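Below, each chain spelled out in residue letters.
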Amino acid sequence: MHLIVGLMKQGHSVGCIDLDPRQATLTHYVQNRVRYAATLDHALELPRHWLVEVSDEADRSMARDEETRGLAAAIEGMQDRDYIVIDTPGSDTFLSRLGHVVADTLITPLNDSFLDLDVLVRLDADGRNILGPSAYSRTVLARAARRRALGGPAPDWIVMRTRLAHLDSHNRRDLERILTDLGHRIGFRLAPGLSERVVYRELFTRGLTVFDVADSLAPWRRLSRSSHAAARREVQALLDMVAAVHSD
Ligand SMILES: Nc1ncnc2c1ncn2[C@@H]1O[C@H](COP(=O)(O)OP(=O)(O)OP(=O)(O)O)[C@@H](O)[C@H]1O
Ligand SMILES: [Mg+2]
């Protein structure tokens, strides 16, 4: 949602697609924003949003066809947008795979722990040496190969750590070293990441982001200025990384 609003604040038109209908967190976030916007006496940027349903067809190939048509229709409806932001589920569903195939830029958020690192890479017992990429990394690489085979460019893959602890711990430096190393090996860029902040959770019910709060939306004055500015800076760093590719 921060990515979506950040892009809109830069003057881009944005469409967003939710491929995780079970959780539908992005859809709810957008709905909360629409509802909150209606209570304001000034305009709030809104994205064009679309939730793709999971097919309830019993036949697997028919279900896949239906979901493929669902995503194609969503993208078709967003052709006039400068950016399309797609949220995929954490699990390996067919819609998630489709999302990975169509994406020009892939952003993989990763909680900042060795447990979550397992999503990307298998490590030895000490957690110091890389044994190889995990199933998810191999899936991403396979999708990238498929895109190239179809004549498209490889996606730009950005891995972003989130919920970073404020203390610069030993673990955190180890993770950073492993991720930088892995990024070189399998081809992703490591974004600076987002700290663990209450503000990222609190803004959800109003559908707001740290970019909106900066515009000092009337009733929202509870944030300290410095933590707010720091949050904006770290989200901005992610936006800059995404934009760097697209301006090439
Ligand atoms: N930087 C952060 N600071 C504080 N809380 C965070 C931060 N990032 C995520 N969270 C919290 O962690 C939880 C899960 O985060 P998130 O919504 O990003 O994952 P998810 O989309 O549920 O994962 P998945 O879709 O892969 O199952 C949420 O409660 C969210 O508020
Ligand atoms: Mg999610």
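As a starting point, this report considers the structure included with it. (Residues numbered from 1 in each chain as written. Chains lettered and ligands numbered in written order. Predicted model: local features only at pLDDT ≥ 70, side-chain atom pairs only at ≥ 80, totals over all residues.)

**Some points on helix 6 (residues 135-149)**
For step 1, the next point in the chain: Taking 1.5 Å per residue, 15 residues should reach 21 Å; helix 6 reaches 21 Å between its end C-alpha atoms and fits that length.
For step 2, the next point in the chain: Looking at helix 6, one finds that the buried residues are Ser137, Val140, Arg143 and Ala144. One face of helix 6 carries all of its buried residues, which in axial projection span an arc of 125°. Along helix 6, exposed side chains directed more than 90 degrees from the buried face belong to Ala135, Arg138, Ala145 and Ala149.
For step 3, the next point in the chain: Here the buried face of helix 6 lies against helix 4 (94-102), strand 4 (105-111), strand 5 (121-123), strand 6 (130-133), strand 7 (156-162) and helix 7 (170-186).
For step 4, the next point in the chain: Gly151 lies just past helix 6 and shows a positive phi near 90°. (Helix = DSSP H or I, 4+ residues; strand = E, 2+ residues; numbered from the N terminus. Expected span 1.5 Å × (residues − 1). Buried ≥ 20, exposed ≤ 12 C-beta atoms within 10 Å, placed from the backbone. Arc of directions from axis to C-beta. Contact = placed C-beta atoms within 7 Å.)

**Examining the packing of helix 3 (residues 60-76) against helix 4**
For step 1, the next point in the chain: In contact at an axis separation of 10 Å, helix 3 and helix 4 are set at 45° when each is read in the N-to-C sense. Judged by the inter-axis angle, helix 3 sits oblique to helix 4. In the packing of helix 3 onto helix 4, the handedness of the crossing is right-handed. Facing Arg64, Glu67, Thr68, Leu71 and Ile75 of helix 3, the residues of helix 4 in contact are Phe94, Leu95, Leu98 and Val102.
For step 2, the next point in the chain: Class assignment of the residues belonging to the contact of helix 3 with helix 4 gives a composition of six nonpolar, one polar and two charged. (Axes fitted to C-alpha atoms, helices over the stretch in contact; angles between N-to-C directions. Parallel < 35°, antiparallel > 145°, perpendicular 65-115°, else oblique. Left-handed = near helix turned anticlockwise from the far one by under 90°. Nonpolar A, V, L, I, M, F, W, Y, C, P; charged D, E, K, R; others polar.)

**Notes on the site of ligand 1**
For step 1, the next point in the chain: Around ligand 1, a shell composed of 13 residues is seen, among which Gly90, Thr162, Leu194, Tyr200 and Arg201 lie nearest.
For step 2, the next point in the chain: Per-class residue counts for the shell around ligand 1 are four nonpolar, four polar and five charged. (Near = placed C-beta within 6 Å.)

**Some words on the sheet that holds strand 7**
For step 1, the next point in the chain: One open sheet holds the three strands; their spatial order is 4-7-8, and the pairing between them is parallel. Of all strands in the sheet, those with a lone pairing partner are strand 4 and strand 8 (189-191), marking the two edges. Across the sheet, the mean angle separating the axes of adjacent strands is 30° when strand polarity is ignored.
For step 2, the next point in the chain: The pairing of strand 4 with strand 7 spans seven bridges and is parallel. Of the residues in strand 7, the one forming a bridge with Ile107 is Ile158.
For step 3, the next point in the chain: Where helix 7 meets the sheet, it contacts strand 7 and strand 8, and its direction lies at approximately 145° from that of strand 8. (Pairing = 2+ DSSP bridges.)

**Concerning the pairing of strand 3 (residues 83-87)**
The two faces of a sheet get side chains in turn, since along a regular strand they alternate between them.
For step 1, the next point in the chain: Counting buried positions along strand 3 gives five out of five residues, so the element sits mostly inside the fold.
For step 2, the next point in the chain: Burial of strand 3 is two-sided: the residues Tyr83, Val85 and Asp87 facing one way and the residues Ile84 and Ile86 facing the other way are all buried.
For step 3, the next point in the chain: Where strand 1 (residues 14-18) lies against strand 3, five bridges are found, and the strand directions are parallel. Counted as the bridge partner of Val14 is Tyr83 from strand 3.

**Re the sheet that holds strand 2 (residues 48-51)**
For step 1, the next point in the chain: Taking strand neighbours across the sheet as the criterion, the three strands line up as 2-1-3 in an open arrangement whose pairing is parallel. Looking at the sheet topology across the chains shown, the edges are occupied by strand 2 and strand 3. Strand-to-strand, the axes of this sheet are offset by a mean angle of 15°, without reference to chain direction.
For step 2, the next point in the chain: Where helix 1 (residues 2-9) meets the sheet, it contacts strand 1 and strand 3, and its direction lies at approximately 170° from that of strand 1.
For step 3, the next point in the chain: Contacts from helix 2 (residues 25-37) reach strand 1, strand 2 and strand 3 within the one sheet, and its direction differs from that of strand 1 by about 135°.

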